[in-house]
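The lines below spell out each chain.
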Amino acid sequence: MKIGVLAFQGDVIEHLEATKKAAANLSINIELAEVRTKKDLKGCKGLIIPGGESTVMHKLCEREGMFQEMKKIAAIFGTCAGAIMLAKKIEHADKDQKILELMDIQIDRNAYGRQADSFEEEIETTLGRMNAIFIRAPRIKQVGSNVRILADRKGEIIACEEETQSQYLLACCFHPEMTSSKFHEHFLKKAAERE
Amino acid sequence: MTEKGTFVLKSGLAQMLKGGVIMDVTNAEQARIAQEAGAVAVMALERVPSDIRAHGGVARMSDPKKIKEIQEAVTIPVMAKCRIGHFVEAQILEALKVDFIDESEVLTPADEQFHVDKWKFKVPFVCGARNIGEALRRISEGAAMMRTKGEAGTGNIVEAIRHIRAVNDGVEKIKMFHQRKDIGELEKIAKECRVPIEVVMETANAGRLPVVNFAAGGIATPADAALCMQMGVDGVFVGSGIFKSTDPAKRAKAIVDAVAHYKDASVLAKVSEGIGDAMAGLEIGKLETKMAERGH
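Residues numbered from 1 in each chain as written. Chains lettered and ligands numbered in written order. Predicted model: local features only at pLDDT ≥ 70, side-chain atom pairs only at ≥ 80, totals over all residues. Heavy atoms only, no water.

Participant: Help me get a handle on the sheet that holds strand E7 (residues 145-148) of chain B, residues and values and all.
Facilitator: Residue and element names in this part refer to chain B. Spatial strand order, E8-E7-E6-E5-E4-E3-E2-E9: 8 strands in an open sheet with parallel pairing. The outermost strands of the open sheet, each flanked by one partner alone, are strand E8 (212-214) and strand E9 (236-238). With direction set aside, neighbouring strand axes in the sheet form an average angle of 30°. When strand E2 (residues 21-25) meets E9, the two strands line up parallel, connected through 3 bridges. Among the inter-strand pairings, Val21 is bridged to a residue of E9, identified as Val236. Contacts from helix H2 (residues 28-37) reach E2 and strand E3 (41-44), with the element oriented near 165° to E2. (Pairing = 2+ DSSP bridges. Helix = DSSP H or I, 4+ residues; strand = E, 2+ residues; numbered from the N terminus. Axes fitted to C-alpha atoms, helices over the stretch in contact; angles between N-to-C directions. Contact = heavy atoms within 4.5 Å.)

Participant: Explain empty space enclosed by the protein residue by residue, including any values.
Facilitator: Residues and elements named next belong to chain B. Scanning all chains against the criterion turns up 5 cavities of 30 Å³ or more. Of the voids in this model, the largest cavity is the one considered here, and its volume is about 200 Å³. Lining the largest cavity are 23 residues, with Pro49, Ala152, Ala216, Gly217 and Gly239 sitting closest to its centre. Sorting the residues of the lining of the largest cavity by element identifies E9 and helix H11 (240-243) as the ones contributing at least two each. Classifying every residue of the lining of the largest cavity gives 9 nonpolar, 8 polar and 6 charged. Approximately 120 Å³ is the volume attributed to the second largest cavity. (1 Å grid on protein atoms, 1.4 Å probe; cavity = no way out; pocket = protein on both sides within 12 Å on 5 of 7 lines; lining within 4 Å. Points joined across faces, edges and corners; volume = space filled by probe spheres on them. Nonpolar A, V, L, I, M, F, W, Y, C, P; charged D, E, K, R; others polar.)

Participant: Kindly report on the packing of aromatic side chains, identifying the contributing residues and their values.
Facilitator: Residue and element names in this part refer to chain A. For the structure shown, the criterion picks out 10 aromatic pairs over all chains. Ring geometry for Tyr112 against Phe119: centres 5.6 Å apart, planes inclined by 65°, an arrangement best described as edge-to-face. An angle of 15° between the planes, with centres 4.4 Å apart, marks the rings of Phe119 and Phe134 as stacked. Residue Phe119 is located in strand E7 (residues 119-125), and its partner Phe134 is located in strand E8 (residues 128-134); the two are separated by 15 residues in the primary sequence. The residues Phe119 and Phe134 share a single accessibility class, namely buried. Sitting over the ring of Tyr112, Arg139 keeps its end group 4.3 Å from the ring centre. (Phe/Tyr/Trp six-rings, centres within 6.5 Å; stacked < 30°, edge-to-face > 60°. Buried < 20%, exposed > 50% of the residue type's maximum accessible area, 1.4 Å probe, protein only. Lys NZ or Arg CZ within 6 Å of the ring centre and 35° of its normal.)

Participant: Explain the interface of chain B and chain A to me, using residue names and the numbers behind them.
Facilitator: Chain B puts 36 residues into the contact, and the matching count from chain A is 38 residues. Surface buried jointly by chain B and chain A totals about 3,100 Å² across both partners, of which 51% is contributed by carbon and sulfur atoms. Where chain B packs against chain A, one counts 6 salt bridges. The interface formed by chain B and chain A contains 19 residue pairs in polar contact (both at pLDDT 80 or more). Among the secondary structure elements, those contributing two or more residues to the side of chain B that touches chain A are strand E1 (3-4), helix H1 (7-17), H2 and helix H12 (248-260) of chain B. By residue number, the principal contributor to the side of chain B that touches chain A is H1 of chain B, which donates 8 residues. Of the residues assigned to the side of chain B that touches chain A, the class counts are 15 nonpolar, 12 polar and 9 charged. (Buried area = accessible area lost by both parts, 1.4 Å probe. Salt bridge = Lys/Arg side-chain N within 4 Å of Asp/Glu carboxyl O. Polar contact = N/O pair within 3.5 Å; in protein donor to acceptor, adjacent residues only side chain to side chain.)

Participant: Which residues make up helix H6 (residues 132-140) of chain B, and what values go with them?
Facilitator: Residue and element names in this part refer to chain B. Most of H6 is tucked away: 8 of the 9 residues are buried. Of all the residues in H6, the buried ones are Ile132, Gly133, Glu134, Ala135, Leu136, Arg137, Arg138 and Ile139. Those residues of H6 hidden inside the fold are in contact with strand E6 (125-129), E7, helix H7 (158-179), helix H8 (183-193) and helix H9 (197-206). Two or three places before Gly133, at the start of H6, stands the capping residue Asn131, its side-chain oxygen 3.2 Å from that residue's backbone nitrogen. Positive backbone phi, approximately 110°, marks Gly142, located one or two places after H6.

Participant: Help me get a handle on the environment of Val123 of chain B, residues and values and all.
Facilitator: All names here are of chain B. The topology assignment puts Val123 in the loop between strand E5 (100-104) and E6. The class for Val123 is buried, based on a relative accessible area of 5%. For Val123 and Val238, which are 115 residues apart along the polypeptide, the C-alpha to C-alpha distance reads 22 Å. In this structure Val123 touches Lys10, Glu94, Val98, Asp99, Phe100 and Ile101, once residues within four positions along its chain are discounted.

Participant: Tell me about the pairing of E8 of chain A, and name the residues and values.
Facilitator: Where a strand is regular, its side chains alternate between the two sheet faces. Residue and element names in this part refer to chain A. With 7 bridges joining them, E7 and E8 adopt antiparallel strand pairing. If you follow Ile123 over to E8, its bridge partner there is Met130. Counted along the chain from E7 to the antiparallel partner E8, the turn is 2 residues long.

Participant: I'd love a proper account of the nonpolar core, names of residues and values included.
Facilitator: One finds Met70 and Phe174 of chain A together with Met145 and Val236 of chain B to be the most contacted residues of the largest nonpolar core, which totals 140 residues. Not counting residues up to four positions away in its chain, the partners in contact with Met145 of chain B are Ala14, Leu17, Ile22, Phe100, Phe125, Val126, Cys127, Val211, Val212, Phe214 and Phe237 of chain B. (Core = buried A, V, L, I, M, F, W, Y, C linked by side-chain atoms within 4.5 Å.)

Participant: Run through unusual backbone geometry, naming residues and quoting values.
Facilitator: Residues and elements named next belong to chain A. In this model, Asn110 sits at a positive phi of 45°, which is unusual for a non-glycine residue. Tracing the backbone through its elements, the reader meets Asn110 in the loop between strand E6 (103-108) and E7. Phi is positive for Lys154, close to 45°, though the residue is something other than glycine. Note on placement: Lys154 falls in the loop between strand E10 (147-153) and strand E11 (156-163). Residue classification places Lys154 among the exposed positions, given a relative accessible area of 70%.

Participant: How would you explain the pattern of salt bridges if you had to name every residue and give the values?
Facilitator: All names here are of chain B. Tallied over the entire structure, the rule returns 37 salt bridges over all chains. Across the salt bridge formed by Glu172 and Lys175, the nearest N and O atoms sit 3.2 Å from each other. With Glu172 and Lys175 both in helix H7, this residue pair falls 3 residues apart, about one helical turn. As a salt-bridge pair, Glu283 and Lys286 come within 3.8 Å of each other at their nearest N and O atoms. Judged by relative accessible area, Glu283 falls into the exposed class, the value being 51%.

Participant: Describe the environment of Phe77 of chain A, listing the residues and the values that go with them.
Facilitator: Residues and elements named next belong to chain A. Its place among the elements puts Phe77 in strand E4 (residues 75-79). The spatial distance from the C-alpha of Phe77 to the C-alpha of Phe183 is 9.1 Å, given a sequence separation of 106 residues. Non-local contacts of Phe77, meaning those with residues more than four positions away in its chain, are made with Leu47, Ile48, Ile49, Leu86, Leu170, Cys172, Pro176, Phe183, His184 and Phe187.

Participant: Go over a nonpolar patch on the surface with me, naming the residues and quoting the values.
Facilitator: Side chains of Phe87, Val88 and Ile92 of chain B sit close together on the surface and give an oily, nonpolar patch of about 250 Å² of accessible area. Relative to the elements of secondary structure, Phe87 of chain B occurs in helix H5 (residues 87-95). (Patch = residues over 30% accessible without salt bridge, like charges linked within 9 Å, V, L, I, M, F, W, Y side chains within 5 Å. Areas by Shrake-Rupley, 256 points an atom, 1.4 Å probe, with all protein chains shown as cover.)

Here it is in structure tokens:
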């Protein structure tokens, strides 16, 4: 199974490491690829969109002309900026900012404020307890009825997934790749289930 | 329990900036051009380094009004510079909620003996280094990100390359002694660098600087930026190189593309084409002030 990590910018290495660890824990063989071109995307069953700056990622994906191919990947996992990329609707977008518009969530960019408001906290998720790192994090404001919540905090959704016939989508407002491989294990299992 | 201002959060923001270009801007319009081009963050300044050189005199922290203007203009992180050792300028920048403070040799140093004690702050700091000793000292003072000093405002990449090599050599030496389990030599390095052995061990275990490391000082072309990336830095700062060129918007975009595709020479060739003239540039030997020598 080929899993790509969008590698233009952001915490790419952390995602590569977490994915390797997850595959080892599950004893499955995967091919990990750093994705910078349409060619790199070929054959990817899963794609991970890392944390970073969503405005930068969309520009680089667009300049590469890979938006349409990205939308077709069977399983996509986005953290922080990656979650913004997955959303159908976005608030406080940068001028002309484009997103993949795949997942039935509405997300507010940098909703928690500047770096001074970044925080870490122990959270409960359906995948277990973990330390969650929120860095200039986005906030999920609304989700569709088909979206399953994996974690919330003070009534706000911070991790969720959506399964349709054609696709599996997983979004986190925080950075599980910095502290755990549980979300990556969950993602690999879901990706493996796809056709 | 909710925690703020931890080292994980500080160094974590630096990790999110990896693979990106941080651009010096002096007003809202430039900040918007930088964001539009794909900058991952901007550095809010009153004057870019080449103008600081030309004007002479004491260079200080920017007017807060300038910083606020830039914060309002963009949604990406905003950094600002304080003078080396000037912890009150740093307090002011923290109060302004800048996302990162650059304790920078580009400004005139305020303290010749001490840098800012960065552990006391919740806002992350980036500092410059010419070699492994300077890098490890800044990290042990609490820096969450490093960059080369290079020679700012010259458009000349030679000093940044020297500093990347020096830091890389230092890391290699630490890795070698670590592989040989030669604790005596590692302790000697810690002593030479005047840092606790823990920082040396962290470097040994990581096999690299324990925080994100960018190139800075003298980057003027897409090729300069890709050269630094191929030598192993995590991203680049571009100061005077963009807004002192003839077509800043084009050059900014080209440098962003060059960093994203730094290993792909065909992309580099494409983005280097027809982007106007780079800043004129200065020879290091003829400089009156060598900024890189400030703060060690």
